[in-house]
Amino acid sequence: LLEVLASVHLPLDAELRRHGLAPTAVTAPLRSDLQDLGRSLPELGHPTFRFTDPAEALGAWYVAEGWALGGRVLTGIVRGALPAAPVRYLARGEAQPGSWAAVRRRLDTNLVEPNARRAAVAGARSVFDEFATALSTRPSETTGADDLSR
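This write-up is about the structure you can find in this document.

Parameters and conventions
Chains are numbered independently. Their residues run from 1 in the order of the written sequence. Per-residue local features of the predicted model are confined to residues with pLDDT of at least 70, and side-chain atom pairs are confined, for both listing and counting, to 80 or more; whole-chain, interface and lining totals are unaffected and use all residues. In computing side-chain properties, one takes all heavy atoms of the structure into account and sets aside hydrogens as well as water. Helix and strand assignments follow DSSP, with helices taken as H or I runs no shorter than four residues and strands as E runs no shorter than two, numbered in order from the N terminus. When accessible area is computed with a 1.4 Å probe and restricted to protein chains, residues below 20% of their type maximum are described as buried, those above 50% as exposed, and intermediate ones as partly exposed. A contact between two residues is defined here by any heavy atoms of the two lying within 4.5 Å. Under the convention used here, a 1.4 Å probe and the Shrake-Rupley method define accessible areas, while residue burial counts only the protein chains that appear. The axes used here are C-alpha line fits, helices contributing only the stretch in contact, and every angle between their N-to-C directions lies in the interval 0 to 180 degrees. By the definition adopted for this analysis, an angle is roughly parallel if under 35 degrees, roughly antiparallel if over 145, roughly perpendicular if from 65 to 115, and oblique otherwise. The crossing is said to be left-handed when, going from far helix to near helix, the turn is anticlockwise and less than a right angle, and right-handed when the turn is clockwise. Ten residue types, Ala, Val, Leu, Ile, Met, Phe, Trp, Tyr, Cys and Pro, are classed as nonpolar, four, Asp, Glu, Lys and Arg, as charged, and the remainder, Gly among them, as polar. Buried Ala, Val, Leu, Ile, Met, Phe, Trp, Tyr and Cys residues that are joined via side-chain atoms within 4.5 Å together make up what is termed a nonpolar core. Counted as a polar contact is a pair of N or O atoms within 3.5 Å, where, for protein atoms, one must be capable of donating a hydrogen and the other of accepting one, and residues adjacent in sequence contribute only when both atoms are in side chains. Stacked, edge-to-face and tilted labels apply to pairs of Phe, Tyr and Trp rings (six-membered ring for Trp) whose centres lie within 6.5 Å, assigned for plane angles under 30 degrees, over 60, and everything in between, in that order. In what follows, salt bridge is the name for a side-chain nitrogen of Lys or Arg lying within 4 Å of a carboxyl oxygen of Asp or Glu.

### Side note on the overall build of the protein
(1) Moving on: A count of helical and extended segments in the protein gives seven helices and zero strands.
(2) Moving on: Overall, the protein shows an N-to-C arrangement of helices and strands of α-α-α-α-α-α-α.
(3) Moving on: When each of the 150 residues of the protein is scored for burial, the buried share is 41%.
(4) Moving on: Across the protein, every contact between residues at least 6 apart in sequence was considered, and the portion connecting residues at least 24 apart equals 79%.
(5) Moving on: Surface accessibility of the protein: about 8,300 Å² in total, with carbon and sulfur atoms responsible for 54%.

Here's what the structure looks like:
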């Protein structure tokens, strides 16, 4: 599962940075968690994000940061169910507790016009679509989670 998530997060992270946005760090936590599971970061080929409108990138950033916020909630659940599971990826938002508020302020400031809001929604949807596609087409092989129960 982490490999599939990385296949979307990593190109998204690069595209957001191209737009001057600073998403919560994702590469190092994913790499570390995958290494703990005996895996490595996947080679990237798809998806390729290319936002032409800054508002579109802001919408995608909203999704990426929302994912980090949700990971903070899931961290405790995973730690309770699988104490040996690596959770650096899920917990990455804990290091920047004010990041969500900063995202909201930037969105409120930059997405005033209806066209900007529509572009942001399109950017957000494109990220959700990529995650949905990646998760629905992932291979059925395990990603090392079985090793955690031993």
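### Focus: the packing of helix H3 (residues 54–81) against helix H5 (residues 99–110)
(1) Moving on: For the pair H3 and H5, the least separation of the axes is 10 Å and the interaxial angle reads 160 degrees. In terms of orientation, H3 and H5 fall into the roughly antiparallel class. Seen from above, H3 lies across H5 with left-handed handedness. Listed contacts from H5 to Leu58, Trp61, Tyr62, Glu65, Gly66 and Leu69 of H3 are Ser99, Trp100, Val103, Arg106, Leu107 and Asn110.
(2) Moving on: Partitioning the contact of H3 with H5 into residue classes produces seven nonpolar, three polar and two charged.

### Concerning the nonpolar core
(1) Moving on: Of all hydrophobic cores here, the largest spans 35 residues; its most connected members are Leu12 and Val127.
(2) Moving on: Those elements giving two or more residues to this core turn out to be helix H1 (2–18), helix H2 (27–36), H3, helix H4 (88–91), H5 and helix H6 (114–136).
(3) Moving on: Top element by residues in this core is H1. It accounts for eight residues.
(4) Moving on: If sequence neighbours within four positions are ignored, Val127 has contacts with Leu12, Phe49, Phe51, Ala60 and Val63.

### Brief notes about the side chain of Glu15
(1) Moving on: Turning to its location among the elements, Glu15 is positioned in helix H1.
(2) Moving on: At a separation of 3.2 Å, a polar atom in the side chain of Glu15 contacts the side chain of His19.
(3) Moving on: Among the polar contacts listed, one links the side chain of Glu15 to the backbone nitrogen of Phe51, at a separation of 2.7 Å.
(4) Moving on: Those residues in contact with Glu15 that lie beyond four places of it in its chain are Phe49, Arg50 and Phe51.

### Here we look at the packing of aromatic side chains
(1) Moving on: Scanning the entire structure with this criterion turns up three aromatic pairs.
(2) Moving on: Where Phe49 meets Phe51, the ring centres are 5.7 Å apart and the plane angle is 35 degrees; that geometry is what we call tilted. A single burial state applies to Phe49 and to Phe51, both of which are buried.
(3) Moving on: Ring centres 5.5 Å apart and planes at 45 degrees place the aromatic pair Tyr62 and Trp100 in the tilted group. Taken together, the residues Tyr62 in helix H3 and Trp100 in helix H5 connect sequence positions 38 residues apart.
(4) Moving on: Take Tyr62: its relative accessible area is 34%, and that puts it in the partly exposed class.
(5) Moving on: A residue is classified by how much of its surface remains accessible, and Trp100, at 22% relative accessible area, is partly exposed.

### A few points about the pattern of salt bridges
(1) Moving on: Tallied over the entire structure, the rule returns seven salt bridges.
(2) Moving on: For Asp33, the salt bridge is made with Arg88, and the minimal N-O distance between the two is 3.3 Å. Of this pair, Asp33 sits in helix H2 while Arg88 sits in helix H4, and the two are 55 residues apart along the sequence.
(3) Moving on: Where Asp36 meets Arg88, a salt bridge forms, and the shortest distance between an N and an O atom there is 2.4 Å.

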